Amino acid sequence: MEYRADLQLKSMVRSLQQHIDLANELQLDFTAQLLAMAVMEITTRIHGISQQELHALCERVEQTSTVQRR
């Protein structure tokens, strides 16, 4: 069962995604990037991902990409 807040957040993500698509069409790259960051924050909240978990994931991705470049 989804809580009302989660449904509202998912609705916000859908709306922001439409705005990201429009920003990309208008070549507003920085605006699209900022909106994507907002989507990421909302999505992590929906799924209960902590800042520490997100930071650990980013570090892991960075390490993996560094190894692949070598």
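Check the entry above for the structure.
A brief look at the structure comes next.

Parameters and conventions
Residues numbered from 1 in each chain as written. Predicted model: local features only at pLDDT ≥ 70, side-chain atom pairs only at ≥ 80, totals over all residues. Heavy atoms only, no water. Helix = DSSP H or I, 4+ residues; strand = E, 2+ residues; numbered from the N terminus. Rg over C-alpha atoms; globule rule 2.2 N^0.38 Å. Buried < 20%, exposed > 50% of the residue type's maximum accessible area, 1.4 Å probe, protein only. Areas by Shrake-Rupley, 256 points an atom, 1.4 Å probe, with all protein chains shown as cover. Lys, Arg positive; Asp, Glu negative; His and termini not counted. Charge placed at Lys NZ, Arg CZ, Asp CG, Glu CD. Core = buried A, V, L, I, M, F, W, Y, C linked by side-chain atoms within 4.5 Å. Contact = heavy atoms within 4.5 Å.

Brief notes about the overall build of the chain
Next, step 1: A tally of helices and strands in the chain yields 3 helices and 0 strands.
Next, step 2: Beginning at the N terminus, the succession of helices and strands in the chain can be written as α-α-α.
Next, step 3: Taking 11 Å as the expected radius of gyration for a compact globule of 70 residues, we find that the chain reaches 15 Å, considerably beyond that expectation.
Next, step 4: Its C-alpha atoms give the chain principal-axis dimensions of about 45 × 35 × 15 Å.
Next, step 5: Taken over 70 residues, the chain has a buried fraction of 17%.
Next, step 6: Here the chain has roughly 6,100 Å² of accessible surface; of this, 56% comes from carbon and sulfur atoms.
Next, step 7: Put simply, the chain has 7 plus and 9 minus side-chain charges, and the middle of one group is 5 Å from the middle of the other.

Considering the nonpolar core
Next, step 1: The biggest cluster of nonpolar side chains holds 10 residues, and these are L9, V13, L16, I20, A23, A32, L35, V39, I42 and I46.
Next, step 2: Mapped onto this core, the elements with two or more residues apiece are α1 (4-25) and α2 (29-46).
Next, step 3: Leaving out residues up to four positions away in the same chain, A23 has contacts with L28, T31 and A32.

Some remarks on the side chain of T44
Next, step 1: Position of T44 relative to the elements: it lies in helix α2.
Next, step 2: Those residues within four positions of T44 in sequence are excluded, and the remaining contacts are I49 and L54.

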